[in-house]
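# A look at the structure
Residue-level listing of the chains:
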Amino acid sequence: MSPNLKAALLGPLNKNNPILVQVLGICSALAVTTKLESSLVMAISVIIVVALSNVIISLLRKSIPNRIRIIVQLVVAAALVTLVSEILKAYAYDVSKQLSVYVGLIVTNCILMGRLEAFAMGNGPWASFLDGIGNGLGYGWILVTVGFIRELFGSGTLLGYKVIPQSFYDAGYMDNGFMMLAPMALLLVGCIIWIHRSKNPELQEEQ
Amino acid sequence: MEAISLIVRSIFVDNMIFAYFLGMCSYLAVSKNVKTALGLGIAVTVVLVLTVPLNFLLENYILKPGALGWLGDGFKDMDLSVFSLIIFIAVIASFTQLLEMVIERFSPSLYNSLGIFLPLIAVNCAILGASLFMQQRDFSNVGMATAYGFGSGIGWLLAIVGMAAIREKLEYSNVPKPLRGLGITFIMTALMAIGFMSFSGISI
């Protein structure tokens, strides 16, 4: 694999992470992370949609008139998201109920539009596909990490199975209900950003 | 009366940013000074007030199962709800385009100060989110849908202006280096959201 393709695939996992560095796609990242299962499903849906729409736009890129490109990109994205949400409704109805409107909101996920605009409009289909997978994974690992922490400490379960033994509860341990509330997701992402930036000093901002 | 309570609820209790995290991207990017934050907040509110009722009409007279009944008996069984996402986003994108052209024509100074943020409203999750929530909640008439759009817009405006004001002050404080900028903004938003949670459970 050439260095360029490798950068397209692996860059977004760390130094160029869509959530931690480019600040894209925050909305859905926070709302679906109360449970590990819904975070996983959301991460997979985003990976699929970003990769496929990247490929489609990159195939069409020479024939899209510049003035209406946003609408074309939105329509392609909306068609793919509709497909994903119908498949979820058919095969994983409970999860799709939990995700509620957030599956539909993948359309306006800034990662998607950002990648279509910044990468797929100027690169070939194969590179765009790898870029889509990379960015989807970069988004996914944050989502899964936050979901893991929130479910473990918030309800003592992982993927619905009890992992904190009953003896802990007998000894006085309590689930942290605060983890299930919305603001906790923001705090956790804030802390992940803190750790990530102290490891990568070149990303720190001068205020 | 019902409409007023809906507006108050959607401003404080169901706040777009603090309760649903919608529109976070532009919220984080534009909340650096109060003036642009206010301009963007007003633009978002205008787009919400226009698109939510329009999408409500489309939903109830075209997309819902059986909504095409007014065309004749043959259309009673049609169910076009699969297309709602595409239609909603198309309506929103074209309204943003329209608003951009109107602002450019009548107020070039506002147009220049908003710059690239105007077209970005089309991909602001808060706008599509409001339409999707409208679909989920099944409002009784257009008035309620408009009230919902207005309330959500004002809630978003309050949040972004408040954040911008805090960030302007934050420039003078000594934040740990890795936390500067993005990190501290997240934590501030979390604290503000905890504050807004005290409104939940209020019934008006």
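Heads up: the structure comes first, above all this text.
Predicted model, so just to flag it, every value in this text is computed and none were measured.

## Some remarks on the packing of helix α3 (residues 36-60) of chain A against helix α7 (residues 110-118) of chain A
Two measures define how a pair of helices packs: the angle their axes make with one another and the distance between the axes. Residue and element names in this part refer to chain A. Here α3 crosses α7 at 25 degrees, and the two axes come no closer than 10 Å. Classified by the angle their axes make, α3 and α7 are roughly parallel. Between α3 and α7 lies a crossing of right-handed hand. Contact residues: α3 offers Val-49, Val-50, Ser-53, Asn-54 and Ile-57, while α7 offers Ile-111, Leu-112, Arg-115 and Leu-116. Its residues placed into classes, the contact of α3 with α7 shows six nonpolar, two polar and one charged.

## Re the interface of chain B and chain A
In this complex, chain B contributes 40 residues to the contact, which on the side of chain A involves 41 residues. Across the chain B/chain A interface, buried area totals approximately 3700 Å², and carbon plus sulfur atoms make up 80% of it. Among the residues of chain B in contact with chain A, Phe21(B), Pro178(B) and Phe186(B) are the three that bury the most area, contributing 18% of the side total. Between chain B and chain A we count zero salt bridges in total. Summed over the shared surface of chain B and chain A, the number is zero residue pairs in polar contact (both at pLDDT 80 or more). Sorting the residues of the side of chain B that touches chain A by element identifies α2 (24-30), α4 (84-106), α7 (125-137) and α9 (182-197) of chain B as the ones contributing at least two each. Considering every element that reaches the side of chain B that touches chain A, the biggest residue donor is α9(B), with nine residues.

## As for the pattern of salt bridges
All names here are of chain A. Enumeration over the complete set of coordinates arrives at three salt bridges over all chains. A salt bridge links Glu-86 to Lys-89, with the shortest nitrogen-to-oxygen separation between them at 4.0 Å. Remark: Lys-89 and Glu-86 occur in helix α4 (residues 69-91); sequence separation between them is three residues, near one turn of the helix. A relative accessible area of 43% places Lys-89 in the partly exposed class. A salt bridge links Arg-115 to Asp-131, with the nearest nitrogen and oxygen atoms 3.0 Å apart. Taken as a pair, Arg-115 in helix α7 and Asp-131 in helix α8 (residues 125-155) lie far apart in primary sequence, 16 residues in all.

Parameters and conventions
Residues numbered from 1 in each chain as written. Chains lettered and ligands numbered in written order. Predicted model: local features only at pLDDT ≥ 70, side-chain atom pairs only at ≥ 80, totals over all residues. Heavy atoms only, no water. Axes fitted to C-alpha atoms, helices over the stretch in contact; angles between N-to-C directions. Helix = DSSP H or I, 4+ residues; strand = E, 2+ residues; numbered from the N terminus. Parallel < 35°, antiparallel > 145°, perpendicular 65-115°, else oblique. Left-handed = near helix turned anticlockwise from the far one by under 90°. Contact = heavy atoms within 4.5 Å. Nonpolar A, V, L, I, M, F, W, Y, C, P; charged D, E, K, R; others polar. Buried area = accessible area lost by both parts, 1.4 Å probe. Salt bridge = Lys/Arg side-chain N within 4 Å of Asp/Glu carboxyl O. Polar contact = N/O pair within 3.5 Å; in protein donor to acceptor, adjacent residues only side chain to side chain. Buried < 20%, exposed > 50% of the residue type's maximum accessible area, 1.4 Å probe, protein only.

Any link to function would need more than the numbers given here.
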